[in-house]
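# Structural description and commentary
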Amino acid sequence: MELLKELWAFMRVRKKWWLLPLILVLLAVGALLAFAQGSALAPFIYTVF
């Protein structure tokens, strides 16, 4: 959680708001890969990347 606090403080102070959508997309892709790893959808998801 400390990393998220520091990242939020960095974005707030430096006005780097364009980083927020990038971080959210990376987190969503990571969560998708983590949750689909053991499912039947895994071969279809890995072919996209």
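Figured I'd write up the structure that's included with this text. Just so it is clear, the model here is predicted, and its values are computed rather than measured.

Rules used throughout
- Residues numbered from 1 in each chain as written.
- Predicted model: local features only at pLDDT ≥ 70, side-chain atom pairs only at ≥ 80, totals over all residues.
- Heavy atoms only, no water.
- Helix = DSSP H or I, 4+ residues; strand = E, 2+ residues; numbered from the N terminus.
- Buried < 20%, exposed > 50% of the residue type's maximum accessible area, 1.4 Å probe, protein only.
- Areas by Shrake-Rupley, 256 points an atom, 1.4 Å probe, with all protein chains shown as cover.
- Expected span 1.5 Å × (residues − 1).
- Axes fitted to C-alpha atoms, helices over the stretch in contact; angles between N-to-C directions.
- Parallel < 35°, antiparallel > 145°, perpendicular 65-115°, else oblique.
- Contact = heavy atoms within 4.5 Å.
- Nonpolar A, V, L, I, M, F, W, Y, C, P; charged D, E, K, R; others polar.

### Points about the overall build of the protein chain
Summing up its helical and strand segments, the protein chain has three helices and zero strands in all. Helices and strands appear in the protein chain in the N-to-C order α-α-α. Looking at the 49 residues of the protein chain, the share that counts as buried comes to 12%. Carbon together with sulfur atoms contributes 75% to the accessible area of the protein chain, which is approximately 4400 Å² in total.

### Focus: helix H2 (residues 19-36)
Taking 1.5 Å per residue as the helical rise, H2 with its 18 residues ought to reach 26 Å, and the 26 Å between its terminal C-alpha atoms agrees with that figure. Taken together, the buried positions of H2 are Leu19, Ile23 and Ala36.

### So, unusual backbone geometry
Negative phi values dominate among residues other than glycine, just as trans dominates among peptide bonds. Look at Lys15: it is not a glycine, yet its phi comes out positive at around 60°. With respect to the secondary-structure elements, Lys15 resides in the loop between helix H1 (2-14) and H2.

### A short note on H1
Compared with the 18 Å implied by 1.5 Å per residue over 13 residues, the 18 Å span of H1 between its first and last C-alpha is a close match. Note on H1: the residue one or two positions beyond its end, Lys15, has a positive phi of about 60°.

### Focus on the packing of H1 against H2
Contact geometry for H1 and H2: axes closest at 11 Å, N-to-C directions at 155°. It follows from the interaxial angle that H1 and H2 lie roughly antiparallel. Every residue of H2 that contacts H1 at Leu7, Phe10 and Met11 is listed here: Leu19, Leu20 and Ile23. Here the contact of H1 with H2 is composed, by residue class, of six nonpolar, no polar and no charged.

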